[in-house]
Amino acid sequence: MRQSPEFFETTRTGEVLSRLTTDTTLIQTVVGTSISLALRNTLLFFGGLVMLFVTSPRLTSIILGLLVLVVLPIVLFGRRVRKLSRDSQDRIADASAVAGEILNAMPTVQAFTREGHESSRFGTEVEGAFSTAMRRIRARATLTMLAIVLVFGSIVFVLWLGAHAVLQGTMTGGDLGQFILYAGIVAGSVGALSEVMGDAQRAAGATERLLELLGAQSEIQDPLQPKALPARTENGARVTLDDVTFAYPSRLDEAALSHLALDIRPGETVAVVGPSGAGKTTLFQLLLRFYDPQSGSILLDGVDVRDLSLQTLRGAVGIVPQDTVIFSLDAMENIRYGRPDASDDEVIAAARMAAAHDFIERLPQGYSSFLGERGVRLSGGQRQRIAIARALLKNPPLLLLDEATSALDAESERLVQRALEAAMVGRTTIIIAHRLATVQRADRIIVLDEGKIVESGTHAELIALRGVYANLAALQFQTHAPVAA
Ligand SMILES: Nc1ncnc2c1ncn2[C@@H]1O[C@H](COP(=O)(O)OP(=O)(O)O)[C@@H](O)[C@H]1O
Ligand SMILES: [Mg+2]
């Protein structure tokens, strides 16, 4: 929950899931069964040992000397079992990651008829997990075998000494019989303990990995002394970017944004346009502080976002992301995700604003209709309207719309457009859009290309400039109804 996006770019979901399920199950099994076994056998071991001493101190001292020979291989093999156990859990996690990816992309897999390929990809991973597990089991079996052979071997040796002692008359036959009984108990308990040891090493391997996950620190941390935002003004928030340069951690040599400077007044609506890959979504990621820029700073109402707690910062921002996310909840709860304490009426009002009310009413159970995992029961445009309603419900001073109307048909777009215009009152809005119909109503248009601002101004000014924007506009007007400049 506390990791930055960087973590999730490098770690696969299925892998984390496997850690949460198989690793914890393993630990649970080992703890649940092995502890009682260990307790019982420890008691038997020490009890047997004491009785051995009572019966024959001399023979027992020899046994104890030989015990060192037994412990050494157990420790050495124990380490190997632990490493193999960790490998084995890693392979299982890999297999889960592959399965998770395939299951999430089932329609695409089937549309491209790659079922066979994906099955064998999963098969390879499972085989890998299997062979590592086999190696682990072999190591563990060897460990147990070694322990038993050495323990019983040393006991037989000591008994042989004992038999000689009886023959020479320094020990009675009864004492030797007694000694044999206790030696059996001690040997049995050492055998069992070494098996428990193997299991404990397995659990240790799994625990290691879990602790690593728990210990991973996100780069993005709350400041030690978070500042507060100034009281909200009726116009919304002021956003300032001061010479911001940023490259994604996985692509440090290529700046996604370079030397970006921008000052957005409270209440202003700014449209960001530009070709795909220009850095528009990246700008939003920085505003939400999913990443920190390498240089420059981002200010919200004059406060550096790094001085705000993430809770405060993100609480002030409402976002409709490019890829909308629907939870497997009903429509009501999906919209309420933006503000958990909102009443049903407030949710419905937000849905109305986002032009989502009518289609939700027409769903089989209205607002209580389950929307399916990842919203599979909705169309792309419907999902977008749910996402817009969710952001509006939050009533944030800063609203970020990332191609929020891109999947809408002309009619719904007109409806949502009108709703959004109403929603933009009293807040600052940054809107990424491709359609000029959306863009030209903005107070200011920023044209972004390759991470730099190449043009900025109103629709009319940019058209007059005859630059990148005018070109974009001309292209769109050929296919869309002409719009007065
Ligand atoms: N998580 C990421 N890691 C590395 N590079 C990324 C990541 N996300 C986006 N990029 C790259 O950054 C650039 C800007 O991406 P983005 O801001 O998403 O563009 P757009 O303007 O289309 O929204 C692109 O070249 C993209 O390939
Ligand atoms: Mg984008």
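Just so we're clear, the structure is a prediction, and the values are computed from it rather than from any experiment.

Asks: Report on the overall build of the protein chain, specifying residues and quantitative values.
Replies: If you tally the helices and strands in the protein chain, you get 16 helices and ten strands. Since a compact globule built from 485 residues should have a radius of gyration of about 23 Å, the 34 Å found for the protein chain marks it as more spread out than a globular shape. Residues classed as buried in the protein chain amount to 35% of the 485 residues present. For the protein chain, the share of sequence-separated contacts (at least 6 apart) that also reach a separation of at least 24 residues comes to 78%.

Asks: I'd like a description of the nonpolar core, backed by residues and values.
Replies: In this structure, Ala350, Ala354, Ile388, Ala389, Leu392, Leu400 and Ile445 are the most contacted members of the largest nonpolar core, which totals 72 residues. When residues in this core are grouped by element, the largest group, seven residues, is from helix α12 (residues 380-393). Excluding anything up to four places from it in sequence, Leu400 contacts Phe284, Leu287, Val317, Gly318, Ile319 and Ile430. Listed in part, the 28 residues of the second largest apolar core include Leu52, Leu59, Ala139 and Ala147.

Asks: Account for the confidence of the model for the protein chain, with residues named and values stated.
Replies: Overall, the predicted model of the protein chain reaches an average pLDDT of 88, with 98% of residues at or above 70. Of the regions scoring below 50 in pLDDT, residues 480-485 engages in seven contacts with residues more than four places distant in sequence or in other chains.

Asks: Quick one: what's the story with the domain arrangement of the protein chain, residue by residue and with numbers?
Replies: The domain architecture assigned to the protein chain consists of domain 1 (5-215) and domain 2 (239-479). For domain 1 and domain 2, the distance between their C-alpha centroids amounts to 54 Å.

Asks: Residue-level account of the site of ligand 1, with values.
Replies: The local shell around ligand 1 holds 13 residues, among which Tyr248, Ala256, Lys280, Thr281 and Thr282 are the closest. For the shell around ligand 1, the element with the most residues is helix α7 (residues 280-287), which contributes three residues. When its residues are assigned to classes, the shell around ligand 1 shows three nonpolar, seven polar and three charged.

Asks: Describe in detail helix α10 (residues 344-353), supporting the description with residues and values.
Replies: Every buried residue of α10 is listed here: Val347, Ala350, Ala351 and Met353. All buried residues of α10 lie within an arc of 160° about the axis, which places them on one face of the element. Facing away from the buried side of α10 by more than 90 degrees, the exposed set consists of Asp344 and Asp345.

Asks: Which residues make up unusual backbone geometry, and what are the values?
Replies: Even without a glycine there, the phi angle at Arg289 is positive, about 55°. Mapping Arg289 onto the fold places it in the loop between α7 and β4 (295-300). Although it is not a glycine, Glu403 sits at a positive phi angle of roughly 50°. Topologically, Glu403 is positioned in the loop between β7 (398-402) and α13 (410-424). Exposure remark for Glu403: the 20 C-beta atoms within 10 Å place this residue in the buried category.

Asks: How would you summarise the packing of α10 against α12 if you had to cite specific residues and measurements?
Replies: Across the interface, α10 lies against α12 with an axial gap of 8 Å and an inter-helix angle of 125°. In terms of axis orientation, α10 runs oblique to α12. In this structure, the crossing between α10 and α12 has a hand that is right-handed. Where α10 approaches α12, its residues Glu346, Val347, Ala350, Ala351 and Met353 are matched on the opposing element by Ala389, Leu392 and Leu393. A class-by-class count of the residues in the contact of α10 with α12 yields seven nonpolar, no polar and one charged.

Asks: I'd like a description of the packing of helix α5 (residues 115-168) against helix α6 (residues 173-215), backed by residues and values.
Replies: Relative orientation of the contacting elements α5 and α6 amounts to 170°, with a least axis distance of 9 Å. Between α5 and α6, the interaxial angle falls into the category roughly antiparallel. Contacts between α5 and α6 involve Arg140, Leu143, Thr144, Ala147, Ile148, Val151, Phe152, Ile155, Leu159, Gly162 and Val166 from the former and Gly173, Leu176, Phe179, Ile180, Ala183, Ala187, Val190, Gly191, Ser194, Glu195 and Gly198 from the latter. Partitioning the contact of α5 with α6 into residue classes produces 14 nonpolar, six polar and two charged.

Asks: Go over the sheet that holds strand β6 (residues 317-320), please, and point to the residues and values.
Replies: To summarise the sheet geometry, strands pair through backbone hydrogen bonds and adopt either a parallel or an antiparallel arrangement. Spatial strand order, β6-β7-β8-β3-β9-β10: six strands in an open sheet with mixed pairing. If you trace the sheet from one side to the other, it starts and ends with β6 and β10 (452-457), each paired once. When strand polarity is set aside, the average angle formed by the axes of neighbouring strands in this sheet is 20°. In this structure, β6 lies alongside β7, joined through four bridges in parallel fashion. Looking at the pairing, Ile319 lines up with Leu400 of β7. With respect to the sheet, α7 is in contact with β3 (269-273), β6, β7, β8 (428-432) and β9 (444-449), its orientation differing from that of β7 by roughly 150°.

Asks: Describe the sheet that holds β4, naming the residues involved and giving the relevant values.
Replies: Strand order in the open sheet made by the four strands is β2-β1-β4-β5, with antiparallel pairing throughout. Whereas interior strands pair on both sides, the edge strands pair on one side only; in this sheet they are β2 (257-264) and β5 (303-304). One ladder, built from five bridges, connects strand β1 (residues 239-246) with β2; its direction is antiparallel. Bridge pairing in β2 places Leu241 opposite Leu262. The sheet contacts of α7 involve β1, β2 and β4, and relative to β1 the element is tilted by about 115°.

Asks: Could you give an account of the pairing of β4, with specific residues and numbers?
Replies: In this sheet, β4 lies alongside β1 in antiparallel orientation, the contact comprising five bridges. Residue Val239 lies in a different strand from β4, and its bridge partner there is Leu300. The sheet contact formed by β4 and β5 spans two bridges and is antiparallel. Within β5, the residue paired with Leu299 across the bridge is Asp304.

Calculation criteria
- Residues numbered from 1 in each chain as written.
- Chains lettered and ligands numbered in written order.
- Predicted model: local features only at pLDDT ≥ 70, side-chain atom pairs only at ≥ 80, totals over all residues.
- Helix = DSSP H or I, 4+ residues; strand = E, 2+ residues; numbered from the N terminus.
- Rg over C-alpha atoms; globule rule 2.2 N^0.38 Å.
- Buried ≥ 20, exposed ≤ 12 C-beta atoms within 10 Å, placed from the backbone.
- Contact = placed C-beta atoms within 7 Å.
- Core = buried A, V, L, I, M, F, W, Y, C linked by C-beta atoms within 7 Å.
- pLDDT = per-residue confidence, 0-100.
- Domains from an automatic or database assignment.
- Near = placed C-beta within 6 Å.
- Nonpolar A, V, L, I, M, F, W, Y, C, P; charged D, E, K, R; others polar.
- Arc of directions from axis to C-beta.
- Axes fitted to C-alpha atoms, helices over the stretch in contact; angles between N-to-C directions.
- Parallel < 35°, antiparallel > 145°, perpendicular 65-115°, else oblique.
- Left-handed = near helix turned anticlockwise from the far one by under 90°.
- Pairing = 2+ DSSP bridges.

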